[in-house]
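Close look at the chain arrangement
Letter by letter, the chains look like this.
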Amino acid sequence: MWMLEPSAFAGKLLSALRLPLGSLWKSLVPLLCWLRAAFGLPGTERRQQLQVQREPGEPTEGEEGDIPAATTPTSVNYHFTRQCNYKCGFCFHTAKTSFVLPLQEAKRGLLLLKEAGMEKINFSGGEPFIHDRGEYLGKLVRFCKEELQLPSVSIVSNGSLIRERWFQSYGEFLDILAISCDSFDESVNVLIGRGQAKKNHVENLQKLRAWCRDYRVAFKINSVINRFNVDEDMNEEIKALNPVRWKVFQCLLIEGENSGEDALREAGRFVISDEEFEGFLERHKGVSCLVPESNQKMKDSYLILDEYMRFLNCRNGRKEPSKSILDVGVEEAIKFSGFDEKMFLKRGGKYVWSKADLKLDW
Ligand code: SF4
């Protein structure tokens, strides 16, 4: 009969217990997340979150086996659908699938992001109001504000499918609505592909501006500067609409989306040079809310989640997906996001993004 030293016996006992304890711990983590969300417990520091998700016995940061500081998903762009009713020639998130996650799965992913440090969520597409006539989007907006209590919830839309009753149901939960508008000349919008037969994109923009004022949602405009609008003077119209921000992007080529063999668009004819982009900015330097984004600034400075909740890495000029956060968690997936946090801060990615803090004179 074999005998063990007391210390060796203790070691054997610990290793026998280690696996079941680890499994038990893993099964407790979702319960802890749920409790925190259900009872509105305040968010904890990033370091504490890492410790909660770490198994007992694993080293902490700074200890042996040093774990590099993980990227925090402070601001996330969730492109939950690729479907759209417009056909912009330079679109760089095209309708390659018609997939949309079930609502409960999308909520689970958003909760994971909140647990990992998300402060701002932006819903985008495709056209985010196209799925379930905006109800799916409304439910996510409400969930993020009411249950996750995110400081900022925003949407980027082409604006064509938004109805006033959406503002009545969900407006109070939304901080910022950004509407894409590249020209105040309707014929240019038609040339770009941003328009539908009978609807006037510019008239619609004015209606949305008024609803944002009525329902207390901060109003923003996004414009993509390209070959067809680069010479336009938009000073007067933008000042009259008075958005909180006017984001001005330089038209960008992404392989597999709007460039290359497997792309659904060929945006080469829309591209402008850096000098032309600078010329546009110079013409509009009197607009105080203008936020310029050259190709250089845009590159790698956005955390993009696709319809499967995979981070899209644009470092090689095309969108390469990570694994889904729903399968491997945020910390693991974000390692493959290609996200450049320094560039995010340099381009002013963190700004006053909660309508409560904007102190708007509605
Ligand atoms: S509105 Fe946006 S998503 Fe739709 S085609 Fe145009 S750029 Fe693409």
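Here is what the cut-offs are and how they apply
Numbers given for residues are sequential positions, taken from 1 along each chain in its written order. A pLDDT threshold of at least 70 governs which residues receive local features in this predicted model, and a stricter bar of 80 or more applies before side-chain atom pairs are shown or counted, although totals over entire chains, interfaces and linings include all residues. Only hydrogens and water are removed before side-chain values are computed, so all heavy atoms of the structure are retained for them. We call a residue near a molecule or strand whenever a single non-hydrogen atom of that residue lies within 4 Å of it. Each residue is assigned to one class: nonpolar for Ala, Val, Leu, Ile, Met, Phe, Trp, Tyr, Cys and Pro, charged for Asp, Glu, Lys and Arg, and polar for all the others, Gly among them. Only buried residues count toward a nonpolar core. Its members are Ala, Val, Leu, Ile, Met, Phe, Trp, Tyr and Cys residues joined through side-chain atoms within 4.5 Å. The rule is simple: take the accessible area with a 1.4 Å probe, protein chains only, and divide by the maximum for that residue type; under 20% is buried, over 50% is exposed, in between is partly exposed. For the purposes of this entry, the term helix denotes a DSSP run of H or I that reaches at least four residues, the term strand denotes a run of E that reaches at least two, and both are numbered from the N terminus. Working rule for contacts: check all heavy atoms of both residues, and any pair within 4.5 Å makes them a contact. When a carboxyl oxygen of Asp or Glu is within 4 Å of a side-chain nitrogen of Lys or Arg, the pair counts as a salt bridge. By this rule the span expected of a helix is its residue count minus one, scaled by 1.5 Å. For every residue, the predictor assigns a confidence score, pLDDT, that lies between 0 and 100. Here the arc refers to the set of directions running from the helix axis out to each C-beta atom. Patch membership needs two things, relative accessible area over 30% and no salt bridge, and members are linked within 9 Å if like-charged or within 5 Å if nonpolar (Val, Leu, Ile, Met, Phe, Trp, Tyr). Using a 1.4 Å probe, accessible areas were evaluated by the Shrake-Rupley method; residue-level cover was limited to the displayed protein chains. Counting rule for charge: Lys and Arg are taken as positive, Asp and Glu as negative, and neither His nor the chain ends is counted. Charged side chains are reduced to one point each, which is NZ for Lys, CZ for Arg, CG for Asp and CD for Glu. Strand pairing is assigned whenever DSSP identifies at least 2 bridges connecting the two strands. Clockwise travel from the first strand over the helix to the second, with the strands pointing away from the viewer, marks a crossover as right-handed. Within 6.5 Å between ring centres, the rings of Phe, Tyr and Trp (the latter by its six-membered ring) count as paired, and their orientation is classed by plane angle as stacked under 30 degrees, edge-to-face over 60, tilted in between.

**Quick look at the site of the ligand**
As a structural note, the neighbourhood of the ligand is formed by Cys 84, Tyr 86, Cys 88, Cys 91, Gly 126, Asn 158, Arg 194 and Arg 265. By residue class, the composition of the shell around the ligand is 4 nonpolar, 2 polar and 2 charged.

**Describing the nonpolar core**
Counting residues in each nonpolar core, the largest one holds 67 residues, and the members touching the most others are Tyr 78, Leu 110, Ile 121, Phe 123, Leu 177 and Trp 246. At 6 residues, helix α4 (residues 135-147) tops the list of elements feeding residues into this core. Of all hydrophobic cores here, the second largest spans 9 residues; its members include Tyr 86, Phe 90, Cys 251 and Phe 270.

**What to know about the environment of Pro 292**
Relative to the helices and strands, Pro 292 is located in strand β7 (residues 290-293). Taking the relative accessible area as the measure of exposure, Pro 292 reaches 26% and is therefore partly exposed. For the pair formed by Pro 292 and Glu 278, sequence separation is 14 residues and the distance between their alpha carbons is 9.4 Å. Here Pro 292 is in contact with Val 248, Leu 281 and Lys 297, once residues within four sequence places are set aside.

**Looking at the pattern of salt bridges**
As a working rule, side chains carrying opposite charge can pair if their charged atoms are close by. All chains considered together, the criterion is met by 15 salt bridges. The residue Lys 350 makes a salt bridge to Glu 119 at a minimum N-O spacing of 3.8 Å. Taken together, the residues span a long stretch of sequence, with Lys 350 in the loop between α13 (341-346) and α14 (355-358) and Glu 119 in the loop between α3 (103-115) and β2 (120-124) at a distance of 231 residues. Glu 119 gets classed as partly exposed once you look at its relative accessible area, which sits at 28%. In this structure, Arg 310 engages Asp 306 in a salt bridge whose closest nitrogen and oxygen atoms are separated by 2.8 Å. Classification of Asp 306 as buried rests on a relative accessible area of 1%. Taken together, the shared-partner salt bridges in this structure form one network comprising Arg 82, Glu 257 and Glu 307.

**Focus on α3**
Owing to its 3.6 residues per turn, the α-helix aligns residues three or four sequence positions apart on the same side. Look at α3: 18 Å from first C-alpha to last across 13 residues, which is about the 18 Å you get at 1.5 Å a residue. All of the buried residues along α3 are Ala 106, Lys 107, Gly 109, Leu 110, Leu 111, Leu 113 and Glu 115. Once α3 finishes, Gly 117 follows within two positions and takes phi at roughly 115°, a positive value.

**Considerations on the confidence of the model for the protein**
With 80% of its residues at a pLDDT of 70 or more, the protein shows a mean pLDDT of 83. Note that residues 40-68 has pLDDT below 50 and, in this model, 40 contacts with residues that lie over four places away or in other chains.

**Quick notes on helix α9 (residues 274-283)**
Among the residues of α9, Phe 277, Phe 280 and Leu 281 are the ones counted as buried. The buried residues of α9 occupy an angular sector of 100° when projected down its axis, which confines them to one face. Considering only its buried residues, α9 is in contact with β5 (218-225), β6 (245-250) and β7.

**Focus on a positive patch on the surface**
Taken together, the side chains of Arg 133, Arg 163, Arg 165, Lys 199 and Lys 207 make up a positively charged region of the molecular surface. Position of Lys 199 relative to the elements: it lies in the loop between α6 (186-192) and α7 (201-214). Judged by relative accessible area, Lys 199 falls into the partly exposed class, the value being 38%.

**Quick look at the pairing of strand β4 (residues 176-180)**
For β4, the tally of buried residues reaches 5 of 5 residues, placing the bulk of the element in the interior. Bridge count between strand β3 (residues 152-157) and β4: 4 bridges; the pairing is parallel. In the strand pairing of β4, Ser 154 is matched with Ile 176. Alignment of β4 against β5, held across 5 bridges, turns out to be parallel. Across the sheet, Leu 177 pairs through a bridge with Phe 219, a residue of β5.

**Some words on the side chain of Ser 152**
With respect to the secondary-structure elements, Ser 152 resides in strand β3. Overall, the relative accessible area of 0% leaves Ser 152 in the buried class.

**Side note on the pairing of β7**
With 4 bridges joining them, β6 and β7 adopt parallel strand pairing. Bridge pairing in β7 links Trp 246 to Leu 290. Crossover handedness for the path β6 to α9 to β7: right-handed.

**What about the packing of aromatic side chains?**
A full pass over the atoms with the stated rule returns 15 aromatic pairs. Taking the centre distance of 4.4 Å and the plane angle of 15° together, the rings of Phe 99 and Tyr 308 count as stacked. Here Tyr 308 lies in the loop between β8 (303-305) and β9 (310-313) and Phe 99 lies in the loop between β1 (75-79) and α3, a separation of 209 residues in the sequence. A relative accessible area of 29% places Tyr 308 in the partly exposed class. Relative to Trp 166, the ring of Phe 129 has its centre 5.1 Å away and its plane inclined at 70°; by these criteria the two rings are edge-to-face.

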